[in-house]
Amino acid sequence: MPSPAVAGLHHPLEPLEPIEGDKPDPTQFHTSRSVTPSAAADMLHLFSLDSKAVTQATKPKPRTMSNSSGRSGRFGISLLNGTQTPVEEPPLDPVPSQMVGDERKYAVEPAQDLAKMIEKSKQLAAWAAVDHYVLPEHKVIGIGSGSTVPYVVERIVAQGEEINRGRKFIPTSFQAKELIVSGGLVLGDVDQYPDIDVDIDGADEVDVNLNAIKGGGACHLREKVLAEAAEKFIIVADYRKNSAVLGTSWTQGIPIEVAPFAYAKVLGNLHKIPGCKNATLRMGKAKAGPVVTDNGCFCIDAQFDDEHYSNPEALLHKIKMLTGIVEVGLFCGMATAAYFGNADGSVTIRNDDGTIERLEASDIPTLEQVKEEALRASPPGAASPPAVVNGSD
């Protein structure tokens, strides 16, 4: 991971070294079945330990995963060990949720105080991701969609006018475009800038291998184009999206963008796939008729059995082969790191080399500190960064 842009931030761990002579089974590269879902969940419960206690006492076998773009990376799980023992009360488990129209609904809505804490932790996760990955030398930056992204833009704006001068910001959606404009940043387009330095986006669910489900906001075509074009793709979310296996918390199914005239045939073909539990056309909440994407397409949500969710890349290719499909909301082998805001106000970082870290709120500079640092680095008479208007999914 790059060095932080702001002094005082916790620096990530060095990646695990591969085991000599290890040759992953090519038929099993798509999943971490050497680590069972229950074991992976147990690992997630160890996040409360101090990140400095992380060791390489247990070395996972690295696995290679690639997506259709040919990008690849090593995946594994590292345990948090040391002299300390796990806390008796583990972090809260992922909460099942689905989209109702354009609004996300959870099976159990948090109490008001917990909801405020979750919102604050999402803000800290976004701030930490920007501090670690949006560096002064980065000039083309992708801005994703979702409830965490306004905090991403907020932090970028706080870096100051001097750093942001000459930068171009590529939106994935109308929401992202509005955030960029309201923040006084310069809009760009992927047609003009097909090579992106870093792209920061939200997610509906992320598994232990950093495979993600995206598309709850029906923006996944543009989101995937930017993620694939980026040198670094970073996910920011809250703890409810952090799962051992996909399909645990995101119960609605895989979002699939489809050509409107082909939706009926695609629905029929999806139901013919063994293991497909259900596939439905997503309907709008504040309008009569289906949800229409920014590209003028419809969105289908397809639910599958656990076997398919444990092999997300194979599922991605199986769906993508159906005629009429525009894009599938499975992002496999694309993320460099995922930042999760926890209910206790801390931030969990999961890297694509398998290492896991934890940041406390005190490890992350406040917005005021970042703004002050930006002003000190700016020439005399430079304007203060403008405020950012919050957005929604």
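Just above, that's the structure.
The rules behind these values
- Residues numbered from 1 in each chain as written.
- Predicted model: local features only at pLDDT ≥ 70, side-chain atom pairs only at ≥ 80, totals over all residues.
- Heavy atoms only, no water.
- Buried < 20%, exposed > 50% of the residue type's maximum accessible area, 1.4 Å probe, protein only.
- Helix = DSSP H or I, 4+ residues; strand = E, 2+ residues; numbered from the N terminus.
- Arc of directions from axis to C-beta.
- Salt bridge = Lys/Arg side-chain N within 4 Å of Asp/Glu carboxyl O.

Visitor: I'd like a rundown of helix H7 (residues 263-271), residues and numbers included.
Guide: Since the α-helix advances by 3.6 residues per turn, residues separated by three or four positions end up pointing in the same direction. Turning to H7, its buried residues are Val266, Leu267, Asn269 and Leu270. Looking down the long axis of H7, one finds its buried residues gathered within 165° of arc, a one-sided arrangement. Opposite the buried face of H7, by more than 90 degrees, sit the exposed residues Ala264 and Lys265.

Visitor: Any details on unusual backbone geometry? Residues and values, ideally.
Guide: Here Leu210, not a glycine, exhibits a phi torsion of approximately 65°, which is positive. By relative accessible area, which is 2% here, Leu210 ends up buried. Even without being a glycine, Ala218 presents a positive backbone phi close to 60°. For Ala218, the location among the structural elements is in the loop between strand S9 (212-213) and helix H6 (220-229).

Visitor: Talk me through the pattern of salt bridges; I want residue IDs and the actual numbers.
Guide: This model, assessed by the stated rule, comprises 13 salt bridges. A salt bridge links Glu119 to Lys122; the shortest N-O distance between them is 3.4 Å. Separated by 3 residues within a single helix, Glu119 and Lys122 lie in helix H2 (residues 112-133), roughly one turn from each other. One network of salt bridges, in which partners are shared, links Glu161, Glu162 and Arg165.

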